[in-house]
Amino acid sequence: KALGAVFAERPPLTEASERDCGIERPVVVAKVLPGVTVRPEAVMRCETALALAKWTKEFAMPAAQHLSGRGELTGIDHGTAYLCRPRNGIAGETLSEHAFGNAIDIAGFRFEKGEAVNVAAPGREGSLEEAFVQAVRKTACLSFTTVLGPGADEAHADHLHLDVKARSGGFRICQ
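Residues numbered from 1 in each chain as written. Predicted model: local features only at pLDDT ≥ 70, side-chain atom pairs only at ≥ 80, totals over all residues. Heavy atoms only, no water.

## Quick look at the packing of helix α1 (residues 46-64) against helix α2 (residues 128-140)
Filter applied, for reference: Lines fitted to C-alpha atoms define the axes here, with helix axes fitted over just the stretch in contact, and angles between the N-to-C directions of these axes take values from 0 to 180 degrees. Secondary structure follows DSSP: runs of H or I at least 4 residues long count as helices, runs of E at least 2 residues long count as strands, and numbering of each begins at the N terminus. Roughly parallel here means an angle under 35 degrees, roughly antiparallel means over 145, roughly perpendicular means 65 to 115, and every remaining angle is called oblique. Left-handed describes a crossing whose near helix is turned anticlockwise from the far helix by less than a right angle; the clockwise case is right-handed. Only heavy atoms enter the contact rule, under which two residues are in contact if any of them lie within 4.5 Å. Three categories are distinguished: nonpolar for Ala, Val, Leu, Ile, Met, Phe, Trp, Tyr, Cys and Pro, charged for Asp, Glu, Lys and Arg, and polar for the others, with Gly belonging to the last.
The N-to-C vectors of α1 and α2 enclose an angle of 160 degrees; their axes lie 9 Å apart at closest approach. Between α1 and α2, the interaxial angle falls into the category roughly antiparallel. Between α1 and α2 lies a crossing of right-handed hand. Only Phe132, Ala135, Val136, Thr139 and Ala140 of α2 make contact with α1, whose side of the interface consists of Trp55, Phe59, Ala60, Ala63 and Ala64. Of the residues assigned to the contact of α1 with α2, the class counts are nine nonpolar, one polar and no charged.

## Details of the environment of Ala2
Within the secondary structure, Ala2 is located in the segment before β1 (6-9). Residues Ala2 and Leu50, spaced 48 residues apart in sequence, show a C-alpha to C-alpha distance of 10.0 Å.

## Focus on unusual backbone geometry
Going from Arg39 to Pro40, the amide bond is cis rather than trans, its omega being -15 degrees. Counting through the fold element by element, Pro40 comes out in strand β5 (residues 36-44).

Distances and angles like these do not, on their own, reveal function.
What follows is the structure, given as structure tokens:
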């Protein structure tokens with residue numbers, strides 16, 4: 001609330017088919033910060049929403065200022081937030097952090113002007129858009145405990161997986 005996020009609290013989420021999935025106190029986030037929408041609205045734990053808001057304010061918004069002619073960052077497009085499923089969607093695998101509301105997959109960023117910047121679109125052409133995606137990806141490791149994106153593995157070729165999984169000693173995975 002102090003950062004100006006727009007969200008609604010929801011009753012506990014449980015899954016009849018998978019008792020280990022769910023969120024005790026879920027929030028549905030519409031705006032991660034004033035003027036920065038999350039599309040579609042995303043269901044997650046408050047801790048995940050807070051990490052997303054701080055990262056957006058401290059790193060993504062300042063990095064966006066370097067994209068000439070685009071104006072302010074106005075939105076974050078995601079593919080998945082809460083979803084009861086195994087890791088990488090592979091049956092029999094350990095449950096994904098999405099299954100606990102600890103993760104969000106960022107597919108792209110929207111701005112006041114111009115086209116969206118998709119995580120998968122920038123290649124190795126040396127563009128400002130490519131530099132922006134690399135900057136937000138690298139800085140995400142300061143706010144999230146897991147950051148996976150294009151090049152980490154095939155399952156993350158078109159998005160940034162960001163999660164707040166607690167690990168001993170503060171260990172982080174940044175790929």
